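# Descriptive structure summary
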Amino acid sequence: IIDSFIESLIWRQTDTIKNNSTDYINKFIIPDEEIFHKFLDIIFLIGSNPEHIFNANFLHNNLINYSLTDRDAWWIPYTQNNYLSNDSIKRLIEWSLSSDDKSFISEDSKILISKLLGWLLASSNRYLRDNATKAIISLLSNEVHLVVELLKNFEDINDSYITERLYADRKSTV
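An account of the accompanying structure is given in this report. None of the values given here were measured: they were computed from a predicted structure.

All right, on to the environment of Thr16 then. Along the chain, Thr16 falls in the loop between helix H1 (2–11) and helix H2 (21–29). A distance of 2.6 Å separates the side chain of Thr16 from the backbone oxygen of Gln13, its partner in a polar contact.

This is how it looks when you write it as structure tokens:
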């Protein structure tokens, strides 16, 4: 049932997912590491949808409240393993880096995608961090106002890796 709930988040109409879903996630999904990782994988797939309750803002608002050490204890291994196994994180980075036309992507979606990528900048894996940096640059190239918005979203971050890379992105996107 739990796997079905997680998988359904991809295709369900956003208005059918209610706030009480968060209670279900807190009770049944987060305590189980394997199931929680599946849920995070789904966030990387639906995270660009401004209408989805579990988009990048959901992840961002949760991650930003952790202390650096508490977040890194579970976030870094998850992102590392996902990236190395060519799952949702790697696909998002590769899509962002691709030369595909992205002019049809709304500014709201670009910010959400950039937030997902921004959290990958915390990685101790230099290749993941470098590719996430390049992906943000590729996605927000020549859109300074979106870079400024992204920086504002991370202004209270307690991770110097993220801060350093976001400011490098700011200089590179102009």
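On we go from here.
Turning our eyes to something else, we now look at a nonpolar patch on the surface. On the surface, Ile10, Trp11 and Leu45 cluster together to form a nonpolar patch covering roughly 350 Å² of accessible area. Topologically, Trp11 is positioned in helix H1. Owing to a relative accessible area of 65%, Trp11 belongs among the exposed residues under this scheme.

Along H2, the positions that sit buried rather than exposed are Ser21, Ile25 and Ile29. One side of H2 carries all its buried residues, which in axial view fall inside an arc of 50°. H2 presents Asp23 and Lys27 as exposed residues on the side facing more than 90 degrees away from its buried surface. Contact partners of the buried residues in H2: H1 and helix H3 (33–46).

Of the voids in this model, the largest pocket is the one considered here, and its volume is about 270 Å³. Examining the composition of the lining of the largest pocket, we find that 6 residues originate from one element, H3, more than from any other. Of the residues in the lining of the largest pocket, the class split is 11 nonpolar, 4 polar and 1 charged.

Analysis parameters
Residues numbered from 1 in each chain as written. Predicted model: local features only at pLDDT ≥ 70, side-chain atom pairs only at ≥ 80, totals over all residues. Heavy atoms only, no water. Helix = DSSP H or I, 4+ residues; strand = E, 2+ residues; numbered from the N terminus. Polar contact = N/O pair within 3.5 Å; in protein donor to acceptor, adjacent residues only side chain to side chain. Patch = residues over 30% accessible without salt bridge, like charges linked within 9 Å, V, L, I, M, F, W, Y side chains within 5 Å. Areas by Shrake-Rupley, 256 points an atom, 1.4 Å probe, with all protein chains shown as cover. Salt bridge = Lys/Arg side-chain N within 4 Å of Asp/Glu carboxyl O. Buried < 20%, exposed > 50% of the residue type's maximum accessible area, 1.4 Å probe, protein only. Arc of directions from axis to C-beta. Contact = heavy atoms within 4.5 Å. 1 Å grid on protein atoms, 1.4 Å probe; cavity = no way out; pocket = protein on both sides within 12 Å on 5 of 7 lines; lining within 4 Å. Points joined across faces, edges and corners; volume = space filled by probe spheres on them. Nonpolar A, V, L, I, M, F, W, Y, C, P; charged D, E, K, R; others polar.

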